[in-house]
Amino acid sequence: MDALVRAIEKNYMRDDLPTFRPGDTVKVYAKVIEGGRERIQAYEGIVLQIRGAGMGKTFTVRRIGADGIGVERVFPMHSPVIDKVEVTRKGKVRRAKIYYIRKIRGKIKIKQRRD
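Residues numbered from 1 in each chain as written. Predicted model: local features only at pLDDT ≥ 70, side-chain atom pairs only at ≥ 80, totals over all residues. Heavy atoms only, no water.

Trainee: What is the right way to read the overall build of the protein from this model?
Mentor: Scanning the protein from terminus to terminus reveals one helix and five strands. In sequence order, the secondary structure elements of the protein are arranged as α-β-β-β-β-β. For the C-alpha atoms alone, the extent of the protein along its principal axes is close to 50 × 40 × 25 Å. Every one of the 115 residues in the protein was classed for burial, and the buried ones make up 31%. Put simply, 52% of the contacts in the protein that link residues at least 6 apart link residues at least 24 apart. Counting 28 positive and 13 negative side-chain charges, the protein places the averaged centre of each group 9 Å from the other. (Helix = DSSP H or I, 4+ residues; strand = E, 2+ residues; numbered from the N terminus. Buried < 20%, exposed > 50% of the residue type's maximum accessible area, 1.4 Å probe, protein only. Contact = heavy atoms within 4.5 Å. Lys, Arg positive; Asp, Glu negative; His and termini not counted. Charge placed at Lys NZ, Arg CZ, Asp CG, Glu CD.)

Here it is, written out as structure tokens:
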């Protein structure tokens, strides 16, 4: 049964997304439906975590909103809602989940990774 589920999931998995890690700054272009119209909205921020596997894989992006309040959004990795993802800046962090960024006030400084 498990092999059957994996075979079905394989058809829906996306392979057009770039590889990124926690600490990277990404710009996620998500489809938003307002009324009967559909448009693409950009959401730029730092990747806090990547969790899960297969179709359930998600990543969390945090940005500072207009009022100076941190806003986090969780995106399913293989969702058709995501139009594309651009990696703006590669960050160098030592942890897989960088929740400590939530406590930092003001500008967040993450060293740049050279690949």
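Here the narrative resumes, following the displayed structure.
Trainee: Explain the nonpolar core here, please?
Mentor: Here is a general trend for soluble globular proteins: nonpolar side chains tend to be buried in one another's company. Core analysis: the biggest nonpolar cluster contains 13 residues, and Val-28, Phe-59, Phe-75 and Val-85 have the highest contact counts within it. Put simply, the parts of the chain that give this core at least two residues each are β1 (25–34), β2 (37–51), β3 (58–64) and β5 (82–89). Per-element accounting of this core gives the leading share, three residues, to β1. Setting aside chain neighbours within four positions, we find Val-85 in contact with Leu-17, Pro-18, Phe-20, Val-26, Lys-27, Val-28 and Phe-59. Counting six residues, the second largest nonpolar core, distinct from the first, contains Leu-48, Ile-101, Ile-108 and Ile-110. (Core = buried A, V, L, I, M, F, W, Y, C linked by side-chain atoms within 4.5 Å.)

Trainee: Teacher, can you tell me more about the pattern of salt bridges here?
Mentor: A side chain with one charge can pair with a side chain of the opposite charge if their charged atoms come near. For the structure shown, the criterion picks out seven salt bridges. Salt-bridge contacts for Arg-113 lead to Asp-24; the nearest nitrogen and oxygen are separated by 3.1 Å. Taken as a pair, Arg-113 in the segment after β5 and Asp-24 in the loop between α1 (2–12) and β1 lie far apart in primary sequence, 89 residues in all. Neither Arg-113 nor Asp-24 differs from the other in exposure class; each is buried. As a salt-bridge pair, Arg-102 and Glu-72 come within 2.7 Å of each other at their nearest N and O atoms. Here the residue Arg-102 occupies a position in the segment after β5, and Glu-72 occupies one in strand β4 (residues 70–76), the gap between them amounting to 30 residues. The class for Arg-102 is partly exposed, based on a relative accessible area of 36%. (Salt bridge = Lys/Arg side-chain N within 4 Å of Asp/Glu carboxyl O.)

Trainee: Where do I start with the pairing of β1 in this structure?
Mentor: Side chains on a regular strand alternate between the two faces of the sheet. For β1 and β2, the ladder comprises ten bridges, and the chain directions are antiparallel. For Lys-31, the partnering residue across the bridge sits in β2 and is Ile-40. Where β1 hands over to β2, the hairpin turn is made up of two residues, of which Gly-35 adopts a positive phi near 70 degrees. (Pairing = 2+ DSSP bridges.)

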